[in-house]
Amino acid sequence: SSGINAEYGGEWNGKLKFTDESNKSSEVINTEVLSVVPKLVKPVCEQKENESRRLWRDVTLALRNNDIDKATAAKTANEERQRSEGKARAAEDIAWVPSYFELEGESWIYKKSLAEPK
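Residues numbered from 1 in each chain as written. Predicted model: local features only at pLDDT ≥ 70, side-chain atom pairs only at ≥ 80, totals over all residues. Heavy atoms only, no water.

*Asks:* How would you summarise the overall build of the protein chain if you had to cite specific residues and measurements?
*Replies:* Looking only at helices and strands, the protein chain features three helices and five strands. Along the three orthogonal principal directions, the C-alpha set of the protein chain runs to about 45 × 40 × 30 Å. Looking at the protein chain alone, contacts between residues at least 24 apart form 5% of all its contacts between residues at least 6 apart. (Helix = DSSP H or I, 4+ residues; strand = E, 2+ residues; numbered from the N terminus. Contact = heavy atoms within 4.5 Å.)

*Asks:* Outline unusual backbone geometry, listing residues and values.
*Replies:* A positive phi angle, close to 60°, is found at Lys-24, a residue other than glycine. Here Lys-24 lies in the loop between strand 2 (15-20) and strand 3 (26-30). By relative accessible area, Lys-24 is classed as exposed at 55%. Look at Asn-66: it is not a glycine, yet its phi comes out positive at around 60°. Along the chain, the position of Asn-66 falls in the loop between helix 2 (57-64) and helix 3 (68-91). (Buried < 20%, exposed > 50% of the residue type's maximum accessible area, 1.4 Å probe, protein only.)

*Asks:* Describe the sheet that holds strand 2, with residues and values.
*Replies:* Spatial strand order, 1-2-3: three strands in an open sheet with antiparallel pairing. Lying at the two open borders of the sheet, with one neighbouring strand each, are strand 1 (6-10) and strand 3. Here the average twist between neighbouring strands, direction ignored, is 15°. As paired strands, strand 1 and strand 2 are joined by five bridges and run antiparallel to one another. (Pairing = 2+ DSSP bridges. Axes fitted to C-alpha atoms, helices over the stretch in contact; angles between N-to-C directions.)

*Asks:* A description of the pattern of salt bridges should follow, citing residues and the corresponding values.
*Replies:* Following the criterion strictly, the structure yields five salt bridges and no others. Linking Lys-24 and Glu-21 is a salt bridge whose minimum nitrogen-to-oxygen distance equals 2.6 Å. Assessed through its relative accessible area of 23%, Glu-21 is described here as partly exposed. A salt bridge links Glu-80 to Arg-83, with the shortest nitrogen-to-oxygen separation between them at 2.9 Å. (Salt bridge = Lys/Arg side-chain N within 4 Å of Asp/Glu carboxyl O.)

*Asks:* Describe the pairing of strand 4 (residues 101-104), listing the residues and the values that go with them.
*Replies:* Two strands pair when backbone bridges link them, and strand 4 and strand 5 (residues 107-110) are joined in this way by four bridges, in the antiparallel orientation. Looking at the pairing, Glu-104 lines up with Ser-107 of strand 5. From the end of strand 4 to the start of strand 5, which pair antiparallel, there are two residues, and Gly-105 there has a positive phi angle of about 70°.

*Asks:* Would you mind going over a nonpolar patch on the surface in detail, with residue names and values included?
*Replies:* On the surface, a nonpolar cluster with roughly 560 Å² of combined accessible area is contributed by Tyr-100, Phe-101, Leu-103, Trp-108 and Tyr-110. Those elements that provide at least two residues to the nonpolar patch are strand 4 and strand 5. Tracing the backbone through its elements, the reader meets Tyr-100 in the loop between helix 3 and strand 4. (Patch = residues over 30% accessible without salt bridge, like charges linked within 9 Å, V, L, I, M, F, W, Y side chains within 5 Å. Areas by Shrake-Rupley, 256 points an atom, 1.4 Å probe, with all protein chains shown as cover.)

See the structure below:
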(Lines give C-alpha, C1' and ligand atoms only; values in the text may rest on other atoms or scores of the structure.)
Protein backbone atom coordinates (compact mmCIF):
# COMPACT_ATOMS: atom_id res chain seq x y z
CA SER A 1 0.00 0.00 0.00
CA SER A 2 1.12 3.56 -0.51
CA GLY A 3 -0.08 6.99 0.44
CA ILE A 4 -2.17 7.95 3.42
CA ASN A 5 -4.76 5.38 4.46
CA ALA A 6 -5.91 7.01 7.66
CA GLU A 7 -5.32 10.15 9.66
CA TYR A 8 -5.47 10.49 13.41
CA GLY A 9 -5.07 13.23 15.94
CA GLY A 10 -5.59 13.98 19.58
CA GLU A 11 -3.92 12.76 22.75
CA TRP A 12 -3.11 9.15 23.57
CA ASN A 13 -4.46 9.67 27.09
CA GLY A 14 -7.56 11.62 26.05
CA LYS A 15 -9.66 11.76 22.92
CA LEU A 16 -8.36 10.41 19.61
CA LYS A 17 -10.00 11.01 16.24
CA PHE A 18 -9.40 8.53 13.42
CA THR A 19 -10.41 9.37 9.86
CA ASP A 20 -10.49 6.76 7.09
CA GLU A 21 -9.11 8.60 4.06
CA SER A 22 -10.85 6.29 1.57
CA ASN A 23 -14.36 7.36 2.61
CA LYS A 24 -13.71 10.24 5.06
CA SER A 25 -15.59 8.44 7.85
CA SER A 26 -14.39 9.33 11.35
CA GLU A 27 -14.46 7.78 14.77
CA VAL A 28 -13.61 9.39 18.09
CA ILE A 29 -12.27 7.25 20.91
CA ASN A 30 -12.14 8.58 24.46
CA THR A 31 -9.27 6.66 26.04
CA GLU A 32 -10.07 8.06 29.49
CA VAL A 33 -13.07 5.71 29.79
CA LEU A 34 -11.33 2.58 28.48
CA SER A 35 -10.09 -0.08 30.86
CA VAL A 36 -6.35 -0.64 31.03
CA VAL A 37 -5.20 -3.92 29.54
CA PRO A 38 -1.91 -5.17 31.00
CA LYS A 39 0.91 -5.64 28.50
CA LEU A 40 2.17 -9.16 27.93
CA VAL A 41 5.95 -8.95 27.76
CA LYS A 42 8.80 -11.32 28.44
CA PRO A 43 10.77 -10.74 31.63
CA VAL A 44 13.65 -8.33 30.98
CA CYS A 45 16.20 -11.11 31.55
CA GLU A 46 14.68 -13.03 28.59
CA GLN A 47 14.64 -10.06 26.21
CA LYS A 48 17.18 -9.36 23.49
CA GLU A 49 19.65 -6.53 24.15
CA ASN A 50 17.79 -4.17 21.80
CA GLU A 51 14.26 -4.83 23.09
CA SER A 52 12.69 -1.71 24.50
CA ARG A 53 12.20 -2.57 28.17
CA ARG A 54 15.68 -4.03 28.47
CA LEU A 55 17.33 -1.26 26.46
CA TRP A 56 15.68 1.56 28.42
CA ARG A 57 15.47 -0.10 31.87
CA ASP A 58 18.16 2.14 33.44
CA VAL A 59 16.44 5.26 32.11
CA THR A 60 13.06 4.09 33.43
CA LEU A 61 14.44 3.19 36.86
CA ALA A 62 16.19 6.56 37.19
CA LEU A 63 13.01 8.42 36.20
CA ARG A 64 10.98 6.42 38.73
CA ASN A 65 13.53 7.46 41.36
CA ASN A 66 13.32 11.08 40.16
CA ASP A 67 17.02 11.04 39.30
CA ILE A 68 17.05 13.14 36.13
CA ASP A 69 20.86 13.25 35.92
CA LYS A 70 21.14 9.45 36.01
CA ALA A 71 18.26 9.10 33.50
CA THR A 72 19.95 11.57 31.15
CA ALA A 73 23.28 9.75 31.44
CA ALA A 74 21.63 6.37 30.72
CA LYS A 75 19.71 7.80 27.75
CA THR A 76 22.88 9.40 26.37
CA ALA A 77 24.80 6.12 26.77
CA ASN A 78 22.07 4.24 24.83
CA GLU A 79 22.04 6.82 22.05
CA GLU A 80 25.84 6.96 21.79
CA ARG A 81 26.04 3.15 21.62
CA GLN A 82 23.39 3.13 18.86
CA ARG A 83 25.30 5.82 16.92
CA SER A 84 28.55 3.88 17.31
CA GLU A 85 26.91 0.65 16.14
CA GLY A 86 25.45 2.52 13.15
CA LYS A 87 28.85 3.91 12.20
CA ALA A 88 30.40 0.46 12.48
CA ARG A 89 27.71 -1.02 10.22
CA ALA A 90 28.20 1.82 7.71
CA ALA A 91 31.98 1.29 7.69
CA GLU A 92 31.44 -2.40 6.91
CA ASP A 93 28.61 -1.58 4.44
CA ILE A 94 26.18 -3.66 6.48
CA ALA A 95 22.52 -2.66 6.14
CA TRP A 96 20.35 -2.46 9.24
CA VAL A 97 17.51 -4.97 8.97
CA PRO A 98 14.67 -4.25 11.42
CA SER A 99 13.04 -7.27 13.05
CA TYR A 100 9.44 -6.12 12.94
CA PHE A 101 9.15 -3.51 10.17
CA GLU A 102 9.92 -3.32 6.48
CA LEU A 103 10.33 -0.28 4.28
CA GLU A 104 7.58 0.08 1.69
CA GLY A 105 8.19 3.16 -0.41
CA GLU A 106 8.78 5.91 2.15
CA SER A 107 6.82 4.21 4.94
CA TRP A 108 7.81 1.63 7.53
CA ILE A 109 5.18 -1.13 7.68
CA TYR A 110 4.75 -3.62 10.52
CA LYS A 111 5.54 -7.06 9.12
CA LYS A 112 2.53 -8.79 10.69
CA SER A 113 -0.94 -7.35 10.36
CA LEU A 114 -2.35 -6.33 13.71
CA ALA A 115 -5.60 -7.94 12.58
CA GLU A 116 -3.97 -11.35 12.11
CA PRO A 117 -4.08 -13.86 14.96
CA LYS A 118 -0.72 -14.57 16.64
